[in-house]
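Chain by chain, the residues run as shown.
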Amino acid sequence: MRGARAPRGQRQHSGGMGTLGRPRVILLTYVLFALELTCLFMRFSIMPYLTRRLGLDSVAFGYLQTAFGVLQLLGGPVFGRFADQRGARAAFTLNFLASSAFYLLLAAACSPALPGVALLYASPLPAALMQGLPAAQMVIADLSAPEERPAALGRLGLCFGVGMIFGSLLGGTLSAAYGLRCPAFVALVANLVAATLSYTFIPSSTKGASAPTPAAPPGGTQASVFDLKAISRVLLQPGVLPVFLVKVVSGFPSGLFMVMFSIISMDFFQLDAAQAGYLTSFFGVLQMVIQGLVIGRLSSHFSEGALLRASTLVFIVVGLAMALMSNVFHFCLLMPGLVFGLCALNVVTDSMLTKAVSASDTGTMLGLCASVQPLTRTLGPTVGGLLYRSFGVPVFGHVQFATNILVLLVLWRQPLPQKTDKVW
């Protein structure tokens, strides 16, 4: 009986790939994620100018960013459970439809004939379902072998670099030539096209026959996507919580610095807007190269535990350098180490966490991982602003050094599990 079932399950799984096949589904996932990031950086290029044109100050802009981060923070785990229950096609399509709603509100806010301020304040509402990163990671994690997963997840960094470069370029060019409404409208059309491609070509499920959606208990109903107990259960599985805490704690100091970077670049580095843009582009290129190429090669020669310790060591060295830097040249010298630490930490922990849970919980786990960045964006402006105002730029280096010393001691005393026995 078992010998007869296995081929059938394999046929179901390959059939779920539709007409594209597994490699092309992965390639399409990269393309869709790069398209979403391009639209995201187009938004970054017009939001400050739009808020200023509507008469809002920097405090109101900060409230908008915080609202966006809080909604994404709350929506990440729920979206992950939705992806596990409804499949990759539904998750990707919902993400792009929510993004379309966001850019529609943004484009409407640019119209002088409409109440722009009210529409701008309403625009963060779809953010809870704008979860392209966990949706893309779920497809990549489900369709890649455990030993190939760090490299496959690392290639999403190439998408990030493409989105940062082309999105910033398109946003600035289109807004200068055709007004602020044009980038928002282009992003709206692009997300509608992406939603159509997702619904047409992304398989309904990427879990495989060995990982069916959890069945409802006899006489009961299936757990809701809002079931907090089911979400917390994923975190409490063996080997999950320690890795997740390392992900949050180790990267939080660098996240604080990046949240405050626009202010630091103006006040401390004395850069104008164009120079700050060049520095951001340099950061994007570094992330594209390191996460897309370097991390994948290192993962084929070193264990995930070794890479995680390496990222912590690099953070310690970068923290010392950050505490001593006095100009932008010093920051350019330490930036490769900072980017390596962030990329290695994110890729390795995501890979380890998806291996530590069952295949039916991959989406929920990645949704929780995706909430880490919105958490930093939510707490960062307040915590980072207080630290910067009270102690200056060196405090970010001191906090990063001290935090990662503690993380390294924990990693050294309690080795993290390397679970790779999931059935695919």
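Undergrad: Residue-level account of the pattern of salt bridges, with values.
TA: As enumerated under the stated definition, the model contains 3 salt bridges in all. As a salt-bridge pair, Lys247 and Asp350 come within 3.0 Å of each other at their nearest N and O atoms. With Lys247 in helix H11 (residues 241-259) and Asp350 in helix H15 (residues 328-356), the pair connects residues that are 103 residues apart, well separated along the chain. Like Lys247, the residue Asp350 is buried in the burial classification.

Undergrad: Run through the environment of Tyr30, naming residues and quoting values.
TA: By the secondary structure assignment, Tyr30 is in helix H2 (residues 22-53). Counting along the chain gives 126 residues from Tyr30 to Leu156, while the straight-line C-alpha distance between them is 6.6 Å. In this view, Tyr30 contacts Ile140, Ala152, Arg155, Leu156 and Cys159; residues no more than four positions away in its chain are not counted.

Undergrad: Got a sec to walk through a nonpolar patch on the surface? Specific residues and values, please.
TA: There is a patch of nonpolar side chains on the surface, built from Val162, Ile165, Phe166, Leu170, Val285, Val289, Leu293 and Val294 and spanning about 570 Å² of accessible area. Residue assignment for the nonpolar patch shows that the elements contributing at least two residues are helix H8 (156-178) and helix H13 (273-299). When you line up the elements, Val285 lands in helix H13.

Undergrad: An account of the packing of helix H4 (residues 88-109) against helix H9 (residues 181-201) is needed here, citing residue identities and associated values.
TA: The description of two packed helices rests on the angle between their axes and on the distance between the axes. Their axes nearest at 8 Å, the elements H4 and H9 cross at an angle of 165 degrees. Between H4 and H9, the angle falls in the class roughly antiparallel. By crossing handedness, the relation of H4 to H9 is classed as left-handed. Contacts between H4 and H9 involve Arg89, Phe92, Thr93, Phe96, Leu97, Ser99, Ser100, Tyr103, Leu104, Leu106 and Ala107 from the first element and Arg181, Ala184, Phe185, Ala187, Leu188, Asn191, Leu192, Ala194, Ala195, Ser198 and Tyr199 from the second. Of the residues in the contact of H4 with H9, the class split is 15 nonpolar, 5 polar and 2 charged.

So, how was this worked out
- Residues numbered from 1 in each chain as written.
- Predicted model: local features only at pLDDT ≥ 70, side-chain atom pairs only at ≥ 80, totals over all residues.
- Heavy atoms only, no water.
- Salt bridge = Lys/Arg side-chain N within 4 Å of Asp/Glu carboxyl O.
- Helix = DSSP H or I, 4+ residues; strand = E, 2+ residues; numbered from the N terminus.
- Buried < 20%, exposed > 50% of the residue type's maximum accessible area, 1.4 Å probe, protein only.
- Contact = heavy atoms within 4.5 Å.
- Patch = residues over 30% accessible without salt bridge, like charges linked within 9 Å, V, L, I, M, F, W, Y side chains within 5 Å.
- Areas by Shrake-Rupley, 256 points an atom, 1.4 Å probe, with all protein chains shown as cover.
- Axes fitted to C-alpha atoms, helices over the stretch in contact; angles between N-to-C directions.
- Parallel < 35°, antiparallel > 145°, perpendicular 65-115°, else oblique.
- Left-handed = near helix turned anticlockwise from the far one by under 90°.
- Nonpolar A, V, L, I, M, F, W, Y, C, P; charged D, E, K, R; others polar.

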